[in-house]
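Architecture at a glance
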Amino acid sequence: MAKKKWFSLLALICIATALLMYLAVAKENGLHDFFWIPLILAATFLFAATRIK
């Protein structure tokens, strides 16, 4: 149960990071182009959280 919570928390942090990268970072900055990377990590962590028994 503890692993499931940790993976869910990591997914939530990744989603928040992606939102911050998309909204707060200026568009001319290079980080704005890579906001999708934390979203892929979040999907991976959520998938892992659903598969842990």
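Structure's up top.
Residues numbered from 1 in each chain as written. Predicted model: local features only at pLDDT ≥ 70, side-chain atom pairs only at ≥ 80, totals over all residues. Heavy atoms only, no water.

Spanning 16 residues, helix α2 (residues 36–51) covers 23 Å between terminal C-alpha atoms, matching the ideal 22 Å at 1.5 Å per step. Listed as buried for α2 are Pro38, Ala42 and Ala49. Projection of α2 onto a plane perpendicular to its axis shows the buried side chains occupying an angular sector of 45°, all on one side. Pointing more than 90 degrees away from the buried face of α2 are the exposed residues Phe47, Thr50 and Arg51. At its buried positions, α2 is contacted by α1 (2–23). (Helix = DSSP H or I, 4+ residues; strand = E, 2+ residues; numbered from the N terminus. Expected span 1.5 Å × (residues − 1). Buried < 20%, exposed > 50% of the residue type's maximum accessible area, 1.4 Å probe, protein only. Arc of directions from axis to C-beta. Contact = heavy atoms within 4.5 Å.)

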